[in-house]
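If you want the building blocks of each chain, they are given just below.
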Amino acid sequence: MQQLRGEINQHNQNYYQYDAPQIPDANYDELLRELQALEAANPELLSDDSPTQRVGSAALASFQQVQHQIPMLSLDNAFDDEEFAAFDKRVRDRIQAIDDVEYLVEPKLDGLAVSLLYQDAVLVQAATRGDGKTGENVTENVKTINAIPLRLKGVNLPKLIEVRGEVFMPLAGFEALNKQAVDMGGKSFVNPRNAAAGSLRQLDSKITATRPLAFYAYGVGVVEGLVLPATQKMLFELLVNWGLPISDQVSVESGTEQCHKAYESLAGKRPLLPYEIDGVVYKVNNFALQERIGFVSRAPRWAIARKFPAQEKMTEVVGIDVQVGRTGAITPVARLAAVFVGGVTVTNVTLHNEDEMRRKDVRVGDTVIVRRAGDVIPEIVSVVMQRRSEDSALFNMPLLCPVCGSAVERAEGEAIARCPAGLFCRAQVKESIKHFSSRKALDVDGLGDKIVEQLVAKEMVKTPADLYRLTKEQLSGLERMAEKSANNLLLALDKSKQTTLPKFLYALGVREVGEVTANSLATYFASLEALQYASREDLEKVPDVGPIVAQHVVAFFELQHNQEVIAELLTAGVQWPDVEAMSSVDQALSAKVFVLTGTLSLMGRDQAKEILRSLGAKVTSSVSKKTDYLVAGEESGSKLKKALSLGVTVLSEEDFLALIKDHQG
Ligand code: I6G
């Protein structure tokens, strides 16, 4: 217990005093709960100075200290429905409730708690929570936050009122601040909470003034010259009338079932909100009941935070590998001890390139914090430096391609190192074949990675054209390939020959030519021959094609090897309908720009794209001012948020189906 207390105290200090947490919140919560459980089982060993008995650590000496007349408490947590039900039962037992209890429900923002003192309606002091009893005087800094009124509005204002709430940094501001920091060669913030804390606790308030901070009030402390209304909800209405912002997601719910629904609803909205939340706060709505229920030393008994599942977890880097991609890019990849985070098990994460790996200073053996938010690919947020072993060594990128042994090249000013061997490097052959046969390309059903690996290793396939020369005998000789599977694969190969020009162009794997560009090229040139002989100038006339893409396209078709492979593919029977014929259908959506996001449950995304393109629309992957429509399926995330902020028309899946039905006639 002593050891746990020491550890937790250190984490408190890192979090509250230095704004530099070394472990994710979920791991901190786990430590605290472990200590709470030990103390509950051994009450004779409980001590007043245990971290379970207080909140955070003392304030930094460089700010003036502020004594909170009424302690700023923290909230107990519930991590599942049973824990919330147990909380509700404790509440009901204390007030001997027969009916359901009414709770005020609000999102729990990921920011930092502050106290604002208004005397005769004027903001006279602002303080951080600190250890709950003593905080830091951040008045000058708080005065720079636009969301916080310097003078309260209205009549019959109290003589003195202490408003409490959360200062936070909205996501858009956080992203802009980090971009600016990186552009200027500075360090970025790990998350919006740290950015908010770091911004508020600046000794120079001019710096705070440049930071995009916001505020929501959640309660009051000291009050003189006012009789509080009967409920938390009515207090919120009063605060709003005085000009104080409160969350726009507040509701009042009765009983555990409704509370659960409100939790689910906020969890669903979470990716759409313009700020980060890490849970939901429930408070007994009625103040008289709150008073009867009372407090324990660190938290009110009438409130609880129900946390969302963790999006950050700690794990260990067990190795760093380098992968050679289709275009020869050499990418360092961290192999992790498996960790369940944000709903999936993560075992590897890309480190992108050497510079990025150095910037984060990731080494084998390090303990790292892994983050997976929404549908974003997992990433390493930071290394837990305190846990680094003394003999840890920098990982050096190889000088030779780990697959073919060619000398690795890194062009000046480029972050990516490459193996220059092209299709003489087996890794690149393998990746090219995988790309060629992938679903969005020629879609060869049943040609899995393991089979491609064997075909390339045995040198049965060196180019995509070789796929069409494979025989049943050859295939049956492969591991995991029974005769039936060999037959099926041959049928799938035969079927894949009927394709479309955009898919064929995408399948060729020209650098920088993704699905969208392949489609633009096909639409513009309408035939493979026209594209093959296009000049850079011609290519740059195509929408979306800039000088770099044009250069890659020209370079690709200049290589004799590529011309030969294309000729062999055509001889093997790969073919597509005329683009002319394709574009003669209704082009009612011609030139409209669509973005698809979230899960489309009635029609897959690929099918939706194909239909849109056949109607002349353009489908791009990111939302911008040029986007005409965003089709938002279930669990849409940041794209939906961006579309809404740019005023782009958002279509539900049903709206979308109706639209294409209209145009298909
Ligand atoms: O409504 C609240 C939101 C956030 C809170 C709260 C909080 O802490 C960050 N803390 C307390 C103690 C209470 N309500 C009562």
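Relevant structure appears above.
We now turn to the structure provided with this report.

Some points on the environment of Glu-453
- Positionally, Glu-453 belongs in helix α13 (residues 449–457).
- According to the relative accessible area criterion, Glu-453 is partly exposed, its value standing at 29%.
- In contact with Glu-453, other than residues within four places in its own chain, are Lys-430 and Lys-434.

Things to note about the pairing of strand β13 (residues 329–341)
- Of the strand pairs in this sheet, strand β12 (residues 312–324) and β13 are connected by seven bridges, and their pairing is antiparallel. Within β13, the position partnered with Asp-321 by the bridge is Val-333.
- Connecting β12 to the antiparallel partner β13 that follows it, the hairpin turn spans four residues, and Gly-328 within it adopts a positive phi of roughly 90 degrees.
- Note: β13 against strand β17 (residues 417–418), two bridges, orientation antiparallel. Note on β17: the bridge partner recorded for Ala-329 is Arg-418.
- Direction of pairing for β13 relative to strand β14 (residues 344–350): antiparallel, over a ladder of six bridges. Bridge assignment links Ala-334 to a residue of β14, and that residue is Val-349.

Some remarks on the sheet that holds strand β9 (residues 251–254)
- Spatially, β2-β11-β10-β3-β9 is the arrangement adopted by the five strands of the open sheet, whose pairing is mixed. Looking along the sheet, the strands with just one partner apiece sit at the ends: β2 (77–78) and β9.
- As defined by bridge partners, strand β3 (residues 102–109) adjoins strand β10 (residues 277–284) across seven bridges and the pair is classed as antiparallel. Each bridged residue has a counterpart across the sheet, and for Tyr-103 the counterpart in β10 is Val-284.
- Docked against the sheet, helix α3 (residues 81–95) engages β2, β3, β10 and β11 (303–307), running at close to 175 degrees with respect to β11.
- Contacts between helix α9 (residues 255–269) and the sheet are confined to β3, β9, β10 and β11, with β9 contributing the most and set at about 145 degrees to the helix.

What to know about the state of the cysteines
- A complete count under the given rule lists zero disulfides for this structure.
- The thiol sulfur of Cys-419 is not disulfide-bonded, and the nearest other cysteine sulfur, from Cys-404, lies at 3.6 Å.

Re the sheet that holds strand β19 (residues 618–620)
- With parallel pairing, the four strands of this open sheet are ordered in space as β19-β18-β20-β21. Only two strands of the sheet have a single neighbouring strand rather than two, namely β19 and β21 (649–651). Sheet twist, expressed as the average angle between the axes of neighbouring strands with direction ignored, equals 30 degrees.
- Bridge analysis of strand β20 (residues 629–632) against β21 gives three bridges, and the strand direction is parallel. In the sheet register, Tyr-629 faces β21, and the bridge partner there is Thr-649.
- Relative to the sheet, helix α24 (residues 605–614) contacts β18 (593–597) and β19, its axis offset from that of β18 by approximately 170 degrees.
- Relative to β20, helix α25 (residues 638–646) is tilted by about 145 degrees, and along the sheet it contacts β18, β20 and β21.

Considerations on the pattern of salt bridges
- In the structure shown here, the tally under the stated rule is 39 salt bridges.
- The partner of Lys-541 in a salt bridge is Asp-538, with the nearest N and O atoms 3.7 Å apart.
- In this structure Asp-538 comes out as partly exposed when scored by relative accessible area, which is 28%.

Basis of the calculations
- Residues numbered from 1 in each chain as written.
- Predicted model: local features only at pLDDT ≥ 70, side-chain atom pairs only at ≥ 80, totals over all residues.
- Heavy atoms only, no water.
- Helix = DSSP H or I, 4+ residues; strand = E, 2+ residues; numbered from the N terminus.
- Buried < 20%, exposed > 50% of the residue type's maximum accessible area, 1.4 Å probe, protein only.
- Contact = heavy atoms within 4.5 Å.
- Pairing = 2+ DSSP bridges.
- Axes fitted to C-alpha atoms, helices over the stretch in contact; angles between N-to-C directions.
- Disulfide = S-S within 2.5 Å.
- Salt bridge = Lys/Arg side-chain N within 4 Å of Asp/Glu carboxyl O.

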